[in-house]
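# Residue-level structural notes
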Amino acid sequence: MAVTERDPARDARPLSWIERIPGRYWLIGAALLVMPVFASDFVLFQIFGWTFILGIIALSLMFLGGYGGMVSLAQMTVAGLAGYMVAIFGESAISAISLNWPWYIAIPLALAIAVLFGTLTGWLAVRTDGIYTIMITLAIAAAFFYFVRQNYVMFNGFSGFNGVLPPDLFGVDWRGPKAFYYLTLFWAVICYLAVLYISRAPFGLALQGVRDNQRRMSALGYNATAHRVAAYAFAAVLAGIGGILLTWQSAQVSPGTAGIGPAIDVLVIAVIGGMRHPVGAFIGAFVYVILKTFALDALVAVGLAGERFQLLIGLGFLVIVFWSPDGILGLWDRWRESRGKDPLLDRGGEGP
Amino acid sequence: MTEAATVSDRLSATGTANALELRGVSKLFGALAALEDIDLTVRPGERRAVLGSNGAGKTTLFNCVTGDFLPTRGTIRFFGEDISAFPPHERIRRGLRRTYQISLLFTGLSVLDNVYLACVGVSRSRFSFLRPRRDDALVASAEDLVHVVHLDDARDTRVANLSYGQQRQLEIAMALAGAPRFILFDEPAAGLSPTERRELVEILNGLPDHMGYIIIEHDMDVALRVAESVTMMHNGRIFKQGKPAEIEQDPEVQALYLGGGHG
């Protein structure tokens, strides 16, 4: 915990924010920045672009689940709604419905509506706990899916919207592989740092306190319900950003974007990566994207039907949950711990 | 406690409403009456001990006052305001605090962070998305409170690594966050060593005079040294109230609680 922690040695000269960033972050940052120099357009757009987008949406779930103890299956629904709103308020190929408003109105409005929806979802969901939170958010996800599929006046029913493109800003084609890579990387970093920062701000700390002991937090003056609803609102901002980027990447949004399958996929991503730390969302998204992209070829290569790639994802999920409930982050921690153990005494090498 | 008694007398004489006023408070759990028709008045600045055997209803009384339980009947007023239907956090924000019989602390956080959380809870920064700066007033308050309960050396220690006695001291620091007007201490001396008990008495007697409290305590030595008045409870009812000396010498009380067991 670093909020109030003070190292006397540091009190003499406070470290600048640059000095406080660990070396490995600089390395990863540098590698991601120069990635377009050696990676193909496919890798940039399809692998990393998609990873960052799904990572942002899974991050919204990680924020709720990891810090707030609330597992919501409605995060993809919030993302899908943001995508729909951008298509409706902005430009799309469905000119009969899209309003063609400028991006600086359409995008903030889309985000605002997504946040409002996320907050309402939270307002309903915080009245429940555990499995019931999952059920109520799943019900909301299912209701949204069927509603947009059957509504043709506003959501264009089964077909949804296509031709939903990023705005033509600064003369850059933001859907070009390199530009889109940097666009998604930028928002992934912003969202990641925001979650990391807020987790140690009073709001984030209080949210973790509510997760650990709601009664105690009430006895300290916190309104636990309000904190939880506010957490849903913040998570909706993240999911909304992810949803808009997702719509731009595929240039379309349809009921399938926010169906039951994708809603559960977000949970799978968050669990595979690990919900203890924001980076888990991106690790999980990367594993998911790799599996989803290459599992089909791998299965065909060994003579199995390609459409069974979901089986591989399911098996991967099963193995990770079985061996490490904390996801890949948990496996990593265990490996690091085992390295520090004395093989003869079976205990940490440092100290008795 | 003569001086403290003077303070509560003086505060009452100025017309300040009673710190706590319970009228006809009952709490039923099905057919079981955990509290029955409780009338209790505590003046501002007064330090009251609530004594009684296990199951007498002492902690249920605290839970009703803090809002953890809503009373089945009756009203609770805090400095004149009817708080009977308020949720716990609203009561805390009005200056009421409590400690728990079993320490409810955030064991993964440091001592200072626990107190900081308590300070933030009764401030306007509860929803702040900004991390505190090095010169943050709430961090400074938290550091002061850590000092008040003699935990300076353990300031950055994870709570899970504290001794039981230190955890009880930390509970008190958290209850003192944000200038409370009245505190409910639920068995703060339970499980403490004689040295830690002495330290606890020192901390309680060192609280500002205007800060009243009710203390539930089985250790009569501790209770009578930190309280100016005593309320005895039995089977969910109040059956005796008075000064510590009167209670100690009351034959009925002696027969029930002090008799053979209290030396």
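Quick note: structure is the one above.
Report follows, based on the coordinates. Here the structure is a predicted model, which means the values were calculated and not measured.

## Looking at the overall build of chain A
- Secondary structure summary: chain A contains 15 helices and 4 strands in total.
- Taken over the C-alpha trace, chain A has a radius of gyration of 21 Å; the compact-globule value for 352 residues is 20 Å, and the two agree within 12%.
- Along the three orthogonal principal directions, the C-alpha set of chain A runs to about 70 × 55 × 40 Å.
- Among the 352 residues that make up chain A, the fraction classed as buried is 48%.
- Of all intrachain contacts in chain A linking residues separated by at least 6 positions in sequence, the fraction that spans at least 24 positions is 73%.
- As displayed, chain A has an accessible area near 16800 Å², and 68% of this comes from carbon and sulfur atoms.
- Mean positive and mean negative side-chain charge positions of chain A (22 and 19 charges, respectively) differ by 6 Å.

## As for the sheet that holds strand β2 (residues 32-42) of chain B
All names here are of chain B.
- Sheet architecture is open: 4 strands sit in the order β2-β1-β4-β5, paired in antiparallel fashion. Every other strand in the sheet has two partners, leaving β2 and β5 (81-82) as the edge strands with one partner each.
- Strand direction decides the pairing type here: strand β1 (residues 20-29) and β2, joined by 7 bridges, are antiparallel. For glutamate 21, the partnering residue across the bridge sits in β2 and is threonine 41.

## Quick look at the pairing of strand β9 (residues 229-234) of chain B
Residue and element names in this part refer to chain B.
- The element β9 is extensively covered by neighbouring structure, given that 5 of its 6 residues are classed as buried.
- Sheet topology note: the strand β3 (residues 47-52)/β9 ladder contains 5 bridges and is parallel. Bridge assignment links arginine 48 to a residue of β9, and that residue is serine 229.
- In this sheet, strand β10 (residues 237-242) lies alongside β9 in antiparallel orientation, the contact comprising 5 bridges. What sits directly across from methionine 233, in β10, is isoleucine 238.
- Adjacent in sequence and paired antiparallel, β9 and β10 are bridged by 2 residues, among which asparagine 235 carries a positive phi angle near 50°.

## What about a nonpolar patch on the surface?
- Together, Leu99, Trp101, Trp103, Tyr104, Ile105 and Leu109 of chain A line one region of the surface with nonpolar side chains, adding up to about 570 Å² of accessible area.
- Turning to its location among the elements, leucine 99 of chain A is positioned in the loop between α5 (75-89) and α6 (103-125).

## Let's talk about unusual backbone geometry
Residue and element names in this part refer to chain A.
- One non-glycine residue, asparagine 156, adopts positive backbone phi at about 60°.
- Structurally, the position occupied by asparagine 156 is in the loop between α7 (131-150) and β1 (161-162).
- The phi dihedral of alanine 251 falls on the positive side, at around 60°, and the residue is not glycine.
- When you line up the elements, alanine 251 lands in the loop between α11 (224-250) and β2 (252-253).
- Judged by its relative accessible area of 11%, alanine 251 is buried.

## Notes on α11 of chain A
All names here are of chain A.
- Taking 1.5 Å as the rise per residue, α11 with 27 residues should run 39 Å; its terminal C-alpha atoms sit 39 Å apart, in good agreement.
- By the criterion of burial, α11 is predominantly enclosed, with 22 of the 27 residues buried.
- One or two steps after α11, the chain reaches alanine 251, where phi turns positive at roughly 60°.

## Focus on the packing of aromatic side chains
- Counted according to the given criterion, the structure contains 27 aromatic pairs over all chains.
- Both rings, one in phenylalanine 186 of chain A and one in tryptophan 187 of chain A, keep their centres 5.2 Å apart while their planes meet at 80°; by these two values the pair is edge-to-face.
- Residue phenylalanine 186 of chain A is classed as partly exposed on the basis of its relative accessible area, which comes to 44%.
- Looking at tryptophan 187 of chain A, the relative accessible area reads 31%, which means it is partly exposed.
- Between phenylalanine 78 of chain B and phenylalanine 79 of chain B the ring centres are 4.9 Å apart and the planes differ by 85°, which places this aromatic pair in the edge-to-face class. In this structure, phenylalanine 78 of chain B and phenylalanine 79 of chain B share a single accessibility class: buried.
- Through a chain of ring-to-ring contacts, three or more aromatic side chains come together here, namely Phe63, Tyr67, Phe203 and Phe234 of chain A together with Phe127 and Phe129 of chain B.
- Geometry around tryptophan 123 of chain A places arginine 127 of chain A over its ring, the cationic atom sitting 4.5 Å from the centre.

## A word on the interface of chain A and chain B
- Tallying the contact residues gives 33 residues for chain A and 35 residues for chain B.
- Summed over both sides, the interface of chain A with chain B buries roughly 3200 Å², with 60% coming from carbon and sulfur.
- Summed over the shared surface of chain A and chain B, the result is 2 salt bridges.
- Residues aspartate 68 of chain B and arginine 215 of chain A are paired through a salt bridge, measuring 3.4 Å at the closest nitrogen-oxygen approach.
- Joining chain A to chain B, the criterion identifies 12 residue pairs in polar contact (both at pLDDT 80 or more).
- The biggest single contributor to the side of chain A that touches chain B is helix α9 (residues 202-212) of chain A, with 6 residues.
- The residue inventory of the side of chain A that touches chain B, partitioned by class, reads 18 nonpolar, 7 polar and 8 charged.

## Digging into the packing of α9 of chain A against α11 of chain A
All names here are of chain A.
- Where α9 meets α11, the axes come as close as 10 Å, and the angle between the chain directions of the two elements is 120°. Considering the relative orientation of α9 and α11, their crossing is left-handed. Facing α9, whose interface residues are Phe203, Ala206, Leu207 and Val210, α11 presents Ala224, His227, Arg228, Ala230 and Ala231.
- Across the contact of α9 with α11, the residue classes tally to 7 nonpolar, 1 polar and 1 charged.

## Comments concerning the packing of helix α4 (residues 41-68) of chain A against α5 of chain A
All names here are of chain A.
- Interhelical geometry of α4 versus α5 gives an angle of 135° and a closest axis separation of 9 Å. It follows that α4 is oblique to α5 by the angle criterion. Relative to α5, α4 is oriented so that their crossing is right-handed. Between α4, through Leu54, Ile57, Ser60, Leu61 and Leu64, and α5, the contact on the second element is made entirely by Gln75, Met76 and Ala79.
- Of the residues contributing to the contact of α4 with α5, the split by class is 6 nonpolar, 2 polar and no charged.

Analysis parameters
Residues numbered from 1 in each chain as written. Chains lettered and ligands numbered in written order. Predicted model: local features only at pLDDT ≥ 70, side-chain atom pairs only at ≥ 80, totals over all residues. Heavy atoms only, no water. Helix = DSSP H or I, 4+ residues; strand = E, 2+ residues; numbered from the N terminus. Rg over C-alpha atoms; globule rule 2.2 N^0.38 Å. Buried < 20%, exposed > 50% of the residue type's maximum accessible area, 1.4 Å probe, protein only. Contact = heavy atoms within 4.5 Å. Areas by Shrake-Rupley, 256 points an atom, 1.4 Å probe, with all protein chains shown as cover. Lys, Arg positive; Asp, Glu negative; His and termini not counted. Charge placed at Lys NZ, Arg CZ, Asp CG, Glu CD. Pairing = 2+ DSSP bridges. Patch = residues over 30% accessible without salt bridge, like charges linked within 9 Å, V, L, I, M, F, W, Y side chains within 5 Å. Salt bridge = Lys/Arg side-chain N within 4 Å of Asp/Glu carboxyl O. Expected span 1.5 Å × (residues − 1). Phe/Tyr/Trp six-rings, centres within 6.5 Å; stacked < 30°, edge-to-face > 60°. Lys NZ or Arg CZ within 6 Å of the ring centre and 35° of its normal. Buried area = accessible area lost by both parts, 1.4 Å probe. Polar contact = N/O pair within 3.5 Å; in protein donor to acceptor, adjacent residues only side chain to side chain. Nonpolar A, V, L, I, M, F, W, Y, C, P; charged D, E, K, R; others polar. Axes fitted to C-alpha atoms, helices over the stretch in contact; angles between N-to-C directions. Left-handed = near helix turned anticlockwise from the far one by under 90°. Parallel < 35°, antiparallel > 145°, perpendicular 65-115°, else oblique.

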